[in-house]
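# Chain and residue survey
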Amino acid sequence: MKHVTHPAIRQRQGRLSSEAVAALNADLAARFGNRFTASEAIRAAHGHTLTWLKNEPPDAVVFAESRDDVVDLVKLCAKHDAPLVPFGVGSSLEGHVNAPHGGVSLDLTRMNAVLAVHADDLDCVIEPGVTRKQLNEHLRDSGLFFPIDPGADASLGGMAATRASGTNAVRYGTMKDLVLSLGVVVADGSFLRTGTRAKKSSAGYDLTHLFIGSEGTLGVIVEIALRLSGIPEAIAAGTCSFPSVRAACEATIETIQSGLPIARCELVDALSVRAFNTYSHLSLPEQPMLLVEFHGTEQSVAEQASRFGEIAASRGGGPFASATRPEERTKLWQARHDTYWSQMTLRPGARPFATDACVPISRLADCVEETLDDIARSGLVAPIVGHVGDGNFHVTPLIDLANKAEIDAADAFAARLAHRAIAMGGTCTGEHGVGQKKREYMEEEHGPIAIDLMRRVKASFDPMNLFNPGKVFFA
Ligand SMILES: Cc1cc2nc3c(=O)[nH]c(=O)nc-3n(C[C@H](O)[C@H](O)[C@H](O)COP(=O)(O)OP(=O)(O)OC[C@H]3O[C@@H](n4cnc5c(N)ncnc54)[C@H](O)[C@@H]3O)c2cc1C
């Protein structure tokens with residue numbers, strides 16, 4: 001194949017003119033009534049709000065309640081040549097929902113129906129605004145659960161669009177493993193289904209996985225078929241302290257390499273343990289720690305916990321402190337899910353500069369250790385937690401946004417981390433996605449030919465560059 005360098009995605013310059021916005025908004029008001037708003041506060045809340053990245057609000061927000069609403073909005077955006085940015089709950093961390101070229105934020109939170117639960121097939125079909133907690137609440141009496149649990153109560157549409165994962169991914173997989181098929185509205189307003197509810201298929205190109213992780217740049221997901229799992233008969237969770245982060249990582253590597261079917265394996269560094277203690281009223285030893293969980297029968301979880309305890313002890317860790325009562329377990333995992341907020345107590349007034357990286361499991365200890373050295377050299381306050389069973393970890397420098405030198409230092413640190421992970425055969429983002437901020441590492445990670453192909457895919461799915469322009473690629 002002839003290699004063409006960076007085929008054109010249609011470029012957009014600046015934002016829509018005020019005349020264009022007025023014409024667009026008149027049509028939106030006529031079609032959507034009070035489900036359309038141009039309120040400044042609501043527009044700002046639909047741009048990126050969570051980290052140090054600049055808020056770039058859309059010109060309007062539309063709250064969709066049905067697939068027809070989405071189809072009509074896509075057609076109106078095409079008519080007015082206005083960008084359309086799908087919006088789940090806005091918990092993405094890399095500027096994904098910003099609207100640098102203006103246009104419409106499509107808020108999908110009201111499309112939150114669980115359409116069907118097929119308990120016999122262990123699957124369900126939902127609308128994209130269903131959140132992970134809402135789904136598990138719905139499933140509670142069925143004996144089934146959906147395991148992917150990002151720290152935020154994200155929408156399943158947003159989670160599919162970012163290829164999200166969470167603490168259970170080491171055992172149950174990420175969104176790439178648990179989405180069976182998607183219903184998508186594409187750029188000409190057509191609706192398509194990317195697959196069936198069959199557990200596997202060899203029928204043609206895998207469009208499901210093309211849309212998973214596409215960050216709203218290829219179409220709007222309006223329906224999702226998901227795999228579910230049976231609630232395990234027995235669960236054992238607990239904490240295990242280690243003399244160093246390296247020792248905790250080495251215990252993780254051995255646990256995974258030995259084939260122990262651990263369900264959750266989270267690294268919490270000493271700084272983050274301090275934050276947990278303060279924010280979640282715990283009294284954990286302020287040392288690097290693994291927070292782990294085992295699923296199975298009573299006998300198998302006891303065996304797994306015992307084997308894990310042996311591995312931890314061989315690295316100087318332990319003892320394994322088991323949280324046997326469900327409320328103790330819930331408290332520990334709630335503390336883990338509240339990490340983003342608790343870490344802010346480490347430097348009051350500072351903002352988190354969240355970044356994530358993922359490496360093959362054998363390189364985990366090296367990558368985390370080099371990163372710790374880098375943090376020490378750069379003088380940043382930068383706690384580390386991670387889904388280390390997957391080789392994935394998060395570093396969150398806490399930054400004084402009034403101090404440009406600090407922002408630059410954190411930016412340079414995040415770049416070094418991305419380069420380090422890629423050089424070790426890993427990725428610049430294990431789960432948060434590319435958004436605006438990680439576009440700069442895409443070519444290094446994938447190479448120019450793969451990027452050219454991706455850009456051609458984008459251009460052929462979305463020739464006008466309506467869907468979430470300025471994300472994933474510089475375009
Ligand atoms: C405290 C905290 C902890 C977090 N922990 C994790 C974690 O453990 N694991 C993890 O993976 N992430 C984590 N995240 C990041 C975030 O929760 C995930 O990226 C999540 O998947 C985003 O879902 P959302 O509903 O907020 O999507 P949004 O932020 O609203 O959107 C994210 C992207 O998806 C697109 N999108 C949204 N809905 C649709 C749709 N229906 N169709 C097409 N495109 C769509 C948007 O355009 C955007 O590009 C965390 C975030 C926070 C704040």
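Rules and cut-offs
Residues numbered from 1 in each chain as written. Predicted model: local features only at pLDDT ≥ 70, side-chain atom pairs only at ≥ 80, totals over all residues. Heavy atoms only, no water. Pairing = 2+ DSSP bridges. Helix = DSSP H or I, 4+ residues; strand = E, 2+ residues; numbered from the N terminus. Axes fitted to C-alpha atoms, helices over the stretch in contact; angles between N-to-C directions. Core = buried A, V, L, I, M, F, W, Y, C linked by side-chain atoms within 4.5 Å. Buried < 20%, exposed > 50% of the residue type's maximum accessible area, 1.4 Å probe, protein only. Contact = heavy atoms within 4.5 Å. Near = heavy atom within 4 Å. Polar contact = N/O pair within 3.5 Å; in protein donor to acceptor, adjacent residues only side chain to side chain. Nonpolar A, V, L, I, M, F, W, Y, C, P; charged D, E, K, R; others polar.

## Focus on the sheet that holds strand 10 (residues 220-227)
The 5 strands lie next to each other as 5-6-10-8-9, forming an open sheet whose pairing is antiparallel. On the outer flanks of this sheet lie strand 5 (114-118) and strand 9 (191-193), each paired with one strand and no other. Neighbouring strand axes in the sheet, compared pairwise and without regard to direction, differ in orientation by 10° on average. By the bridge criterion, 6 bridges tie strand 8 (residues 179-185) to strand 10 in an arrangement that is antiparallel. Residue pairing across strands places Val179 opposite Leu226, the latter belonging to strand 10.

## Some thoughts on the nonpolar core
If you look at the biggest cluster of nonpolar residues, it comprises 47 residues, and the most contacted ones within it are Leu267, Leu290, Phe294, Phe308 and Leu364. At the level of elements, strand 12 (234-241), helix 9 (245-257), strand 13 (264-268), strand 14 (289-296), helix 11 (298-314), helix 14 (364-378), strand 19 (392-395) and helix 15 (404-423) are the ones that each hand at least two residues to this core. Excluding its chain neighbours within four sequence positions, the residues that come into contact with Phe308 are Cys240, Thr255, Leu260, Ile262, Leu290, Val292, Phe294 and Phe320. Listed in part, the 28 residues of the second largest apolar core include Val130, Leu178, Val179 and Phe211.

## A look at the site of the ligand
Every one of the 35 residues lining the ligand counts as a neighbour, but Pro86, Gly88, Ser91, Ser92 and Ser155 are closest to it. Here Val89 contributes a backbone N or O atom positioned 3.0 Å from an oxygen atom of the ligand. Glu431 has a polar side-chain atom sitting 2.9 Å from a nitrogen atom of the ligand. Looking at the shell around the ligand, the elements with two or more residues in it are strand 3 (84-87), helix 5 (156-162) and strand 10. Among the elements that make up the shell around the ligand, the one with the highest residue count is helix 5 (5 residues). Its residues assigned to classes, the shell around the ligand comprises 17 nonpolar, 16 polar and 2 charged.

Nothing here speaks to function; it is geometry throughout.
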